[in-house]
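# Breakdown of the fold
Each chain, written out:
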Amino acid sequence: MRKMPPREQIKLDGDEMRAMGYRIIDMLVDYTGAQAQFPVTRALDQVTFDEILSEPMPEAGSSWEDVLEQFERQVLTTIDHLDHPRFFAYIPSSSNFVSVMADTLASGYNIFNSLYPLGTGAAIVERLCIRWLCKLCGMPEGAGGVFVSGGSVANLSGLAVARQVLLNGDMRDAVIYASDQAHFVIARGLRILGFAPEQLREIPSDEDFRLPVADLERAIAEDKAAGKRPFCVAATAGTTNTGAVDPLPQLADLCEREGLWLHVDGAYGASACVTEHRKMELAGIERAHSLTWDAHKWMFQPVECSALLVQDRHWLSATFKDTAHFLSDADAHSQEEVGEEMNFMYQGIQLTRYFRALKFWMSVKVFGMAAMRQAIERGFKLAELAESLLRKSGSWEIVTPAQLAIVTFQYKPADGDEALANRITDELSGAMAANGFAFASTTKLGDKTVMRMCTNNPRTTDADLRQTITIMSRLGANLEKQLLDAPAG
Ligand SMILES: *Cc1c(COP(=O)(O)O)cnc(C)c1O
């Protein structure tokens, strides 16, 4: 790399900035919309790995062209694209260009959205976006929320609010309930908050992978009889495994009767509130005391963009408000003007925070909710199409039908052997990665290994889906043959 003379002010001149900016925009525009032409997964070779990892911290600077070239060669070539139209693994993140530009603005103007007087316009926009989201899922007037990095932090923060508001911080003998399909970040969040592992009671899910209300009621009664303090149900609206939604209305009734907190992890599924599915699958979501919503999953935002919503916005400041003398001038000023809810550093665990609401606001305004709604509905339709294609192909058993754009299935070997079906399915995602055309991942449901496809990218075509399933069937048949031909043992 060419060495550059020191630039003590840590800045480029105007022409360089333009050249670098235009070059990067060109790269992004060439990439966006052309993802389908790239292999969906990339492999990292040992040489590149060593090359990246062994680089010493540079004393002298280099030209931005050289560093950008190194990024393209070493980094970009070794990442999987979650916005690829044939990336069906985990929960894809299909992103959109407007939000990418909004992120550039948020960073470019270095907007500090923490204290109302310092970032007034940003705070108002974030508050507006939170209002929009609360309204979409039917939360009452006094509801509030905060943008955070992702579902992990939103769930952790929601559980912290529950602990503060219901327990006033006293965790002794408190019990939290969740099904065995709850995302692992619930257990991790509770651990971080200081709950002992046995304070999370995991209820085995029913045959539809939902939290069974009768079993939950029994567990609560048992715990009460044993002198424990049931305090929170952590339900899921759209499990990562199957897209199952826990029975929210019954859970809300139960929580109301028992005086429990209802936290709903809608990280993936809550976006379906934008559609007609709000009334059916997601009925009752508005009764959550706290709700996690990842806009980077199914509202087409680039990572990281998520929100925690709560029924009563004062709960956030009750949990996260603190005082710092060095901020008292700004504080006093903002209290008079707007109250606490726009001081976002008191609404969550971050003080310094960037303006992540900007990408949500800009993209929603540029595309409009009618387009967003259609794009989300497209996810439902694609999963239904995948299900019907899989059924028709004859090579697959549907394990859970299309739910919230997720379908799970298992390869069906000719002899119907369950152990072989598990082995083939288990190796299939590796075979898909090696093939590079499309990617889907596996999970475990009970003792079954299943493939799952999450079809929430609105730019996935019907042809993408057909070709993917054709290739997957062929890869499955190859694996079946290999495993049957392999010498036993
Ligand atoms: C993805 C997911 C999470 C974790 O959210 P991140 O945004 O990845 O931190 C939590 N719960 C559910 C149901 C999820 O799908």
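Structural data are supplied above this passage.
Read on for a plain summary of the structure.

Calculation rules
- Residues numbered from 1 in each chain as written.
- Predicted model: local features only at pLDDT ≥ 70, side-chain atom pairs only at ≥ 80, totals over all residues.
- Heavy atoms only, no water.
- Pairing = 2+ DSSP bridges.
- Helix = DSSP H or I, 4+ residues; strand = E, 2+ residues; numbered from the N terminus.
- Axes fitted to C-alpha atoms, helices over the stretch in contact; angles between N-to-C directions.
- Contact = heavy atoms within 4.5 Å.
- Near = heavy atom within 4 Å.
- Polar contact = N/O pair within 3.5 Å; in protein donor to acceptor, adjacent residues only side chain to side chain.
- Areas by Shrake-Rupley, 256 points an atom, 1.4 Å probe, with all protein chains shown as cover.
- Nonpolar A, V, L, I, M, F, W, Y, C, P; charged D, E, K, R; others polar.
- Buried < 20%, exposed > 50% of the residue type's maximum accessible area, 1.4 Å probe, protein only.
- Expected span 1.5 Å × (residues − 1).
- Bend = angle between axes of the 7 residues up to and from the residue.
- Disulfide = S-S within 2.5 Å.
- Core = buried A, V, L, I, M, F, W, Y, C linked by side-chain atoms within 4.5 Å.

### Quick word on the sheet that holds strand β9 (residues 306-310)
Taken in spatial order, the 7 strands make up an open sheet running β3-β9-β8-β7-β6-β4-β5, and their pairing is mixed. Because the sheet does not close on itself, it has two edges, and the strands there are β3 (144-148) and β5 (200-203). Pairs of neighbouring strands in the sheet enclose a mean axial angle of 20°, with direction left out of account. Contacts between helix α5 (residues 120-136) and the sheet are confined to β3, β8 (290-294) and β9, with β3 contributing the most and set at about 115° to the helix.

### Some details on the site of the ligand
The environment of the ligand is made up of 14 residues, and the closest members are Gly 151, Ser 152, Asp 265, Asp 294 and Lys 297. Contacts to the ligand include Ser 152, whose side-chain N or O atom sits 2.5 Å from an oxygen atom. Within the complex, the protein chains bury 85% of what would otherwise be the 380 Å² of accessible surface of the ligand. Residue contributions to the shell around the ligand peak at 3 residues, all from helix α6 (residues 151-167). In terms of residue class, the shell around the ligand is built from 3 nonpolar, 8 polar and 3 charged.

### Considerations on unusual backbone geometry
Here Val 303 and Glu 304 are connected by a cis peptide whose omega angle stands at 0°. Structurally, Glu 304 is set in the loop between α10 (295-298) and β9. In this structure, Asp 173 is a non-glycine residue whose phi angle is positive, near 60°. Residue position: Asp 173 is located in the loop between α6 and β4 (174-179). The exposure class of Asp 173 is partly exposed, given its relative accessible area of 47%. Of note in this structure, Phe 300 is not a glycine but carries a positive phi near 65°. Its place among the elements puts Phe 300 in the loop between α10 and β9. Of the residues examined, Phe 300 reaches a relative accessible area of 5% and is grouped as buried.

### With respect to the pairing of β4
A large share of β4 lies buried, amounting to 6 of its 6 residues. Along β4, one buried face is formed by Ala 174, Ile 176 and Ala 178 and the opposite face, lined by Val 175, Tyr 177 and Ser 179, is buried too. Pairing of β4 with strand β6 (residues 229-236) involves 4 bridges; the strand directions are parallel. By the bridge assignment, Ala 174 is partnered in β6 with Arg 229.

### A word on helix α14 (residues 418-435)
Helix length check: α14, at 18 residues, gives a terminal C-alpha distance of 25 Å against a target of 26 Å (1.5 Å per residue), a fit within 8%. Leu 428 marks the point of greatest bend in α14, at about 35°. For α14, the full list of buried residues reads Leu 420, Ala 421, Asn 422, Ile 424, Thr 425, Leu 428, Ser 429, Ala 431 and Met 432. Against the buried residues of α14 lie β10 (396-403), β11 (406-411), β12 (441-445), β13 (448-454) and α15 (462-485). Among the residues trailing α14, Gly 436 stands out with phi positive, at a value near 85°.

### Some words on the state of the cysteines
Under the defined criterion, the tally for this structure stands at 0 disulfides. Residue Cys 129 stays outside any disulfide, its sulfur separated by 8.5 Å from that of Cys 305, the closest cysteine. Cys 255 provides the cysteine sulfur closest to Cys 232, a residue in no disulfide bond, and the two sulfurs are 7.5 Å apart. Overall, Cys 232 belongs to the buried group, its relative accessible area being 0%.

### Looking at the nonpolar core
Nonpolar side chains in soluble globular proteins tend to end up buried together. With 63 residues, the main nonpolar core has Leu 216, Val 233, Val 264, Ile 285, Trp 298, Leu 309 and Phe 360 as its most contacted residues. The biggest single contributor to this core is helix α13 (residues 357-393), with 8 residues. Those residues in contact with Phe 360, other than ones at most four positions away along the chain, are Cys 129, Trp 132, Leu 133, Phe 147, Ala 295, Met 299, Gln 301 and Cys 305.

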